[in-house]
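Understanding the architecture of this molecule
Take a look at the letters that make up each chain.
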Amino acid sequence: MINMILLFPLAACILVLLIRNRFFNIWMVNLYALVHIAASCLLVFGNEKTAGLPYFAVDNTNGIFLIVLSVVYLAAAIYNTGFVKTLAAPDRRISHYSCMMMVFVLAMTGTILSTDLGVSWVLMEAATLSSAYLIYFYKTRHSIEAAWKYVFICSIGIAMAFVGIILLNISSGDVNSLNFAKLYETAAGFDVKFLKLAFIFMLFGFGAKMGLAPVHFWLPDAHSESPSPVSALLSAAMLNSAFLVIVRVFKILEIADCTTYARMILMLMGFLSLFVAAVFIFHIKNYKRMLAYSSIENMGILAIGLALGGAAYYAVILHLIGHSLAKTSMFLTSGNIYSLFDSKRVKSVSGLLCADGKSGWLWIVSFLAICAFPTSLLFISEFLIIKTMLADKHYVLCVVFVLLLTIILYGLGRVVIKMAFGELSEDKASVIETNKTKLSICMWLPQFVLLVMLFVFGVYIPDCINEIIKMAAGTF
Amino acid sequence: MTTGLIILFGLTMLYLASTSRIIAHIRILIVQGVLLFLICACAGEYGSLFNLAFLAAETLIVKSIAIPWFLCRVLRQTHSNRDAGANIPHFYCLVISSIILLAGFLISNYLTSVKMIAPIYFGVSAATIIISLWLITVKHKVLSNVIEFITMENGIFLLSLSVAKGMPMLVNMGLLLDLFIAVYILGLFVNEINKEFNGLEVSNLSDLKDYENND
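Residues numbered from 1 in each chain as written. Chains lettered and ligands numbered in written order. Predicted model: local features only at pLDDT ≥ 70, side-chain atom pairs only at ≥ 80, totals over all residues. Heavy atoms only, no water.

**Examining the packing of aromatic side chains**
Each aromatic ring pair is characterised by the separation of its centres together with the angle its planes make. One pass over the full model with this rule turns up 22 aromatic pairs over all chains. Note on Y136(A) and F189(B): the rings are 5.3 Å apart at their centroids and 80° apart in plane angle, and the pair reads as edge-to-face. One end of the pair, Y136(A), is in the loop between α5 (117-135) and α6 (141-171); the other, F189(B), is in helix α7 (residues 169-197), on a second chain. We classify Y136(A) as buried; its relative accessible area is 7%. Its relative accessible area of 5% is what places F189(B) among the buried residues. Between Y313(A) and F476(A), the ring centres sit 5.5 Å apart and the planes meet at 65°, which makes this aromatic pair edge-to-face. (Phe/Tyr/Trp six-rings, centres within 6.5 Å; stacked < 30°, edge-to-face > 60°. Helix = DSSP H or I, 4+ residues; strand = E, 2+ residues; numbered from the N terminus. Buried < 20%, exposed > 50% of the residue type's maximum accessible area, 1.4 Å probe, protein only.)

**Details of the interface of chain A and chain B**
Counting residues at the interface gives 52 residues for chain A, matched by 48 residues for chain B. Together, the buried faces of chain A and chain B total about 4,500 Å²; carbon and sulfur atoms form 70% of this surface. Between chain A and chain B we count zero salt bridges in total. Where chain A touches chain B, the interface holds three residue pairs in polar contact (both at pLDDT 80 or more). Top contributing element to the side of chain A that touches chain B by residue count: α6(A), with 21 residues. A class-by-class count of the residues in the side of chain A that touches chain B yields 29 nonpolar, nine polar and 14 charged. (Contact = heavy atoms within 4.5 Å. Buried area = accessible area lost by both parts, 1.4 Å probe. Salt bridge = Lys/Arg side-chain N within 4 Å of Asp/Glu carboxyl O. Polar contact = N/O pair within 3.5 Å; in protein donor to acceptor, adjacent residues only side chain to side chain. Nonpolar A, V, L, I, M, F, W, Y, C, P; charged D, E, K, R; others polar.)

**Section: the environment of S231(A)**
Residues and elements named next belong to chain A. With respect to the element layout, S231 can be found in helix α10 (residues 228-255). You can call S231 buried: its relative accessible area is 0%. Each residue touching S231, except ones within four places of it in the same chain, is listed here: H223, S226, K288 and F331.

**A look at a nonpolar patch on the surface**
Judged by side-chain polarity, I441(A), L445(A), F448(A), V449(A), V452(A), V456(A), V459(A) and Y460(A) come together as a nonpolar surface patch covering roughly 730 Å² of accessible area. Relative to the helices and strands, V452(A) is located in helix α19 (residues 445-457). (Patch = residues over 30% accessible without salt bridge, like charges linked within 9 Å, V, L, I, M, F, W, Y side chains within 5 Å. Areas by Shrake-Rupley, 256 points an atom, 1.4 Å probe, with all protein chains shown as cover.)

**Some points on the packing of helix α9 (residues 218-225) of chain A against α10(A)**
All names here are of chain A. Relative orientation of the contacting elements α9 and α10 amounts to 135°, with a least axis distance of 7 Å. Looking at the two axes, α9 sits oblique to α10. When α9 is examined against α10, the residues W218, L219, A222 and H223 are found in contact with a partner set consisting of S231, L234, S235, M238 and L239. Tallied by class, the residues present in the contact of α9 with α10 amount to six nonpolar, three polar and no charged. (Axes fitted to C-alpha atoms, helices over the stretch in contact; angles between N-to-C directions. Parallel < 35°, antiparallel > 145°, perpendicular 65-115°, else oblique.)

**Considering the layout of surface pockets**
A probe matching the size of a water molecule, rolled over the atoms, marks out where space remains unfilled. In this model, the largest pocket occupies a volume close to 680 Å³. Considering the residues around the largest pocket, the lining is formed by 24 residues, among which L106(A), V122(A), L123(A), A126(A) and L177(B) are closest to the centre. Those elements that place two or more of their residues in the lining of the largest pocket are α1 (2-18), α4 (91-113) and α5 of chain A together with α7 of chain B. By residue number, the principal contributor to the lining of the largest pocket is α7(B), which donates seven residues. Partitioning the lining of the largest pocket into residue classes produces 20 nonpolar, three polar and one charged. (1 Å grid on protein atoms, 1.4 Å probe; cavity = no way out; pocket = protein on both sides within 12 Å on 5 of 7 lines; lining within 4 Å. Points joined across faces, edges and corners; volume = space filled by probe spheres on them.)

Written out as structure tokens, the structure is:
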């Protein structure tokens, strides 16, 4: 199955590049999404875990990450079917776009499945490079600026992570392996001084990919300038895969008894991310950038949850699932809004409910989901994180946490309400009426399904999924 | 012998800091590639013939031929020969880089007690990485930034040589492939930036902000 999930896109890419037919390309992207989710389910819920490949396996930690990636990619691929039809680009560009999207998903899947830190690193960088074309897809001044910053900052970040890997190699003494299982086995004997230094480099390197402040600068630009399905993949899938690598490295420090140090840095970066998000969201002018800052906020919450430990590990996994589903839904809906109003300015969008009821309600419900309105899954996760903070007697942290979340909630709410309600100006109504015909069922159905899942999971999580979440939380 | 080569490698960074012609920077990349190959060959820790062939391919073919050739092509297409008007005058760049390099040597003295690493490699590579990062913030042209990114990667390569046991082969291969593709993509973007903005000034790339309206 792992062979299937990793080799299928390579064959599909060759076909897509050879047969430059828009219809064929779209369906190849969808076919890979179906293969991906089928293979992921078989791998995670079935018995076959390794498939004899030396560097890739499904274990207790990465199973849930793989399933989340599959679901997000499937939603993005279905949306993509409608989205590509709205584009006026020639077939050649669509074929490149489809090819790079599959390579991007392949790189993320590889990062998640990898059992070796070195291989994870290589594939993480491959994900950066393949998504650069996707961000540059519109070929405007802004998209080239965003893509340049993205490739440059992430490549330097990931190079710093490599320095961290070298330092880890130094600290590991005679152990000449980067295999996670081997590292966990021997971590207790590592040179602590070099290990701590290695963690700083890796946290900043992979943290740059994850979007943690203060190394988040590429994120708002890249998320806002890329096509919506790509923004959804970047935010809901790529950040998670970088987080998985950080989780695995964190575990090495836990075994080597440097937990206090690692937790302190994670906590610091987490709160800094929340602070940055709160400051920028408060006066945001561009709704796609707002979503990007919301991603930074949620990555901050994940870092804080990881730093808290104990019961918060379970909350972290719930939050990761909830954020991925809600953010995919929001980014995809933002694509509808952009198609309707042809602008990313908050100022230019009002009366979304009048313009297109479906997109308007999806926008509002997605907002409720992301701001942890009960019974959204994010409500449970944030509640559990706050509960852990109180149980551990971190009262000041808890107050700051709630305060920052409230500011962010206000910022998001202000923008969403302004966009969704209000009157639609008459001069825009005719243009919007024409644009509305472009929106097909594919452009709202995935969001609807994701939101239903999100609100149902808040009340009831099926046993099989709960089992995987518990297993993952247990291995953190 | 190896120590001399490593010191020479450190000195190339000073040359990079003190010149403004981009073609000279590209020539420095060729020199660094050759020096890295000689360091690997002299150190004699390449193990099998396959490893030696790989290191030769990595340092000579990719670092000293393929990447500089590609950058020269980009340079010709963009007609940008000088990175004049850096944030800090070249003399001060040279002074600051020298201080960083000196600090690198001092660190290597301090690290003689750590058995897993070769101190001089570690000191010079750390200095190279820091000088490269610092020059990225100082220089004004995007092409210079790409060159400093490559010198930083060269520094990291030297750092990986400092570990006595070496990095796993697969990781080295992946690193090389990623570096090559990253440089290729950045090179393509340099061309696009030149077309779109009529120049390679980094300051052009500052349209995306939060406090102004962007579409």
